[in-house]
Amino acid sequence: ADGEKIPALVIGSGYGGSVAALRLAQAGVEVTIVEMGMSWTTPGSDGKIFCPVLKPDGRSYWLRTRTDQPVGYFAGGSYNKDIQKYTGVLDSEQFSGVRVYQGRGVGGGSLVNGGMAVTPKRENFASILPSVNADEMYGTYYPRANSGLGVNHIDQNWFESAECYGFARVGRKHAERSGFGWTFVPNVYDFEYMKKEQAKTVTRSALDGEVIYGNNHGKRSLDKTYLAAATGTGKVRITPMHVVTAVSPTDGGYRVEMNQIDTSGNTVSVKSVVAEKVFFAAGSIGTSKLLVAMKAQGKLPDLPDAVGKNWGNNGNVMVGRANHMWDGTGKLQSSMPCLGIDNWSDTGGPAFAEVAPFPSGLETYVSLYLAITKNPNRAQFTFNSGTGKVDLNWQTSQNQYAIDAAKRIFDKINKKEGTIYRTDLFGVYKTWGDDFTYHPLGGCVLNEATDNYGRVPGYQGLYVIDGSLIPGNTSVNPFVTITALAERNIENIVANDL
Ligand code: FAD
């Protein structure tokens, strides 16, 4: 309620925010989570919480009137559709040189992501965050995160004959034939449920293409794991449909201003509360935008200069290959990827490329990949006083590194297989999906913009605890690392700051 006094306020209900809320509550602290998106618990008129993939409606996108699919083209045309403007679950946020996909709602990115739960190789983690004790991460916090997230492994015997993973077996075969290593990837999607989907004994979700607009079944998203545990303590309250707009010091802590919105995105009321502690968990983009704006507007003038810097796209680039007729990828494809090509040891251009599904219900002969590369380029957020918004100066050309690294894998595979790249998936005559990312990272980097545990220097009681702490790259898909780092940091904060 307006004017309320709150012991701990968490901005955002993604991975960082969920971990913070649970651990603070277990330590006896009353927590309020403020989330700009919806609580995805009430079915629509079709009886489903999330909308159908092939017939998207307003539930699909955050306040857009047309869908903006990552792989938005096929065979010469765009297959985006007009939709009703609504506070849908997937945001495609456009900056000048990159659009950034993010989850919106209670559970953040966990509502829309591919569920790939990858712990990076230890030597890679150590080089990305050298100030963090890797022994502790691999001995304590990665295991804790994997267990809290409900990570599970595919039954490898089942995989070998499962119809829905034909595309992954073709991807693996081509990698092997060109001499590349590969690995199975754990997931938070319940593989036992998926087996039943394949056997047609339960309602299909991953096998019905559901993923980026939410899964109606099978997915262990944060609302079913960390957030369920957090609210189960009786000490955590979640306030959806409230957008935090400002944070500034005041007597007894920080004044947090917010707009309550309706499902068209209009502000229906403006509120402010006073919180003793504030945890920024609005994601790499959300947290960076807020802090950069607060510094520029003089609400948090003493924030370090490192705030807003060191942002990267996890080296993301997508590409498709056109297979021969004898290498069909299958009409039925699980939307949850389960293996990746590991070329990270290639010093000429390291890459980890997940073999991605292209679930259209038709045989497309497309092998699709999302490559995570070691793109060293970084960008910076700045406040634009003309528009009152925060800009990000990433240029699409900065992703050439990712294309070059991906080509080290796929040029070789194409040569060996006698195949070519698809040029119709990311635009008309456009081979590379190089202008968007699913993995925004950095902007408020650990041990640069914060102390070594996410404390904001100069502002006692302010913390950053999400993907903005990680300097632009994790070498693999990021959410397990975001969760493990949050577990590490909150343990230190609970021990020393309460
Ligand atoms: P988020 O999960 O983004 O949570 C931030 C929350 O804060 C959001 O709910 C947002 O609505 C809210 N928020 C933002 N600003 C405000 C504000 N001002 N006021 C109130 N609330 C606010 N990662 C993997 O590891 N494996 C995958 O398979 C994978 N697949 C992906 C597929 C897609 C389509 C996408 C979009 C992402 C994928 N990711 C994947 C990335 C992963 O989801 C993110 O890295 C992760 O969610 C980031 O966690 P976070 O805690 O930093 O922030």
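The structure under discussion appears in the preceding block.
Residues numbered from 1 in each chain as written. Predicted model: local features only at pLDDT ≥ 70, side-chain atom pairs only at ≥ 80, totals over all residues. Heavy atoms only, no water.

So, about the site of the ligand. Surveying the vicinity of the ligand reveals 36 residues, the closest of which are Glu35, Gly109, Met116, Gly467 and Phe479. At 3.1 Å from a nitrogen atom of the ligand is found a main-chain nitrogen or oxygen belonging to Met36. Within the side chain of Asn113, a nitrogen or oxygen atom sits 3.1 Å from an oxygen atom of the ligand. Protein chains bury 94% of the 1000 Å² of accessible surface belonging to the ligand in isolation. For the shell around the ligand, the secondary-structure elements that each account for two or more residues are helix H1 (15–26), strand E6 (99–103), strand E9 (242–250) and helix H10 (479–497). When its residues are assigned to classes, the shell around the ligand shows 16 nonpolar, 17 polar and 3 charged. (Near = heavy atom within 4 Å. Polar contact = N/O pair within 3.5 Å; in protein donor to acceptor, adjacent residues only side chain to side chain. Areas by Shrake-Rupley, 256 points an atom, 1.4 Å probe, with all protein chains shown as cover. Helix = DSSP H or I, 4+ residues; strand = E, 2+ residues; numbered from the N terminus. Nonpolar A, V, L, I, M, F, W, Y, C, P; charged D, E, K, R; others polar.)

Right, let's talk about the pattern of salt bridges for a bit. Taken as a whole and judged by the stated rule, the model has 30 salt bridges. In this structure, the salt-bridge partner of Arg408 is Asp346, at a minimum N-O distance of 2.8 Å. With Arg408 in helix H9 (residues 400–417) and Asp346 in the loop between strand E14 (339–343) and strand E15 (351–356), the pair connects residues that are 62 residues apart, well separated along the chain. Residue classification places Arg408 among the partly exposed residues on the basis of a relative accessible area of 39%. Take Asp346: its relative accessible area is 18%, and that puts it in the buried class. Between Asp411 and Lys407 there is a salt bridge, and its shortest N-O distance comes to 3.4 Å. Taken together, the positions of Asp411 and Lys407, both in helix H9 and 4 residues apart, correspond to about one turn of that helix. Classification of Asp411 as partly exposed rests on a relative accessible area of 34%. Overlapping salt bridges, with partners in common, bring together Arg64, Asp68, Arg99 and Asp435 in one network. (Salt bridge = Lys/Arg side-chain N within 4 Å of Asp/Glu carboxyl O. Buried < 20%, exposed > 50% of the residue type's maximum accessible area, 1.4 Å probe, protein only.)

A few words now on the side chain of Asn215. Locating Asn215 in the fold gives a position in the loop between helix H6 (191–198) and helix H7 (226–232). A distance of 2.8 Å separates a polar atom in the side chain of Asn215 from the backbone oxygen of Glu210. Beyond its immediate stretch of four places on either side in the chain, Asn215 contacts Phe50, Leu111, Tyr189, Ser205, Ala206, Glu210 and Met336. (Contact = heavy atoms within 4.5 Å.)

What follows deals with the packing of aromatic side chains. Counted by the stated rule, this structure contains 22 aromatic pairs. On the numbers, 4.7 Å between centres and 5 degrees between planes, the contact of Tyr15 with Phe479 is stacked. Of the two residues, Tyr15 sits in helix H1 while Phe479 sits in helix H10, which places them 464 residues apart along the sequence. Taken individually, Tyr15 and Phe479 each receive the classification buried, so the pair is uniform in this respect. Measuring from ring centre to ring centre gives 4.8 Å for Tyr138 and Tyr142, while their planes differ by 45 degrees; the resulting arrangement is tilted. Linking Tyr138 with Tyr142, this pair stays in helix H3 (residues 134–149), spanning 4 residues, or about one helical turn. Here the guanidinium or amino end of Arg169 rests over the ring plane of Phe159, the centre of that ring lying 6.0 Å away. (Phe/Tyr/Trp six-rings, centres within 6.5 Å; stacked < 30°, edge-to-face > 60°. Lys NZ or Arg CZ within 6 Å of the ring centre and 35° of its normal.)

A separate point is the sheet that holds strand E5 (residues 90–94). Backbone hydrogen bonds are what pair the strands of a sheet, in a parallel or an antiparallel way. Strand order in the open sheet formed by 3 strands is E5-E6-E21, with mixed pairing between adjacent strands. Since the sheet does not close on itself, it has two edges, and those belong to E5 and strand E21 (436–437), each with one partner. Where E6 lies against E21, 2 bridges are found, and the strand directions are parallel. The residue of E21 that forms the bridge with Arg99 is Phe436. (Pairing = 2+ DSSP bridges.)

Attention now moves to the state of the cysteines. Following the criterion strictly, the structure yields 0 disulfides and no others. Cys164 takes part in no disulfide bond, and the closest cysteine sulfur, belonging to Cys338, lies 8.1 Å away. Note on Cys164: relative accessible area 0%, which makes it buried. (Disulfide = S-S within 2.5 Å.)

With 6 of its 6 residues buried, E15 lies for the most part within the structure. Residues Ala351, Ala353 and Val355 point to one face of E15 and Phe352, Glu354 and Ala356 to the other, with burial holding for every one of them. Alignment of E14 against E15, held across 4 bridges, turns out to be antiparallel. Each bridged residue has a counterpart across the sheet, and for Asn343 the counterpart in E15 is Ala351. Here E15 pairs with strand E16 (residues 366–373) via 6 bridges, running antiparallel. Pairing of Glu354 across the sheet is with Leu370, part of E16.

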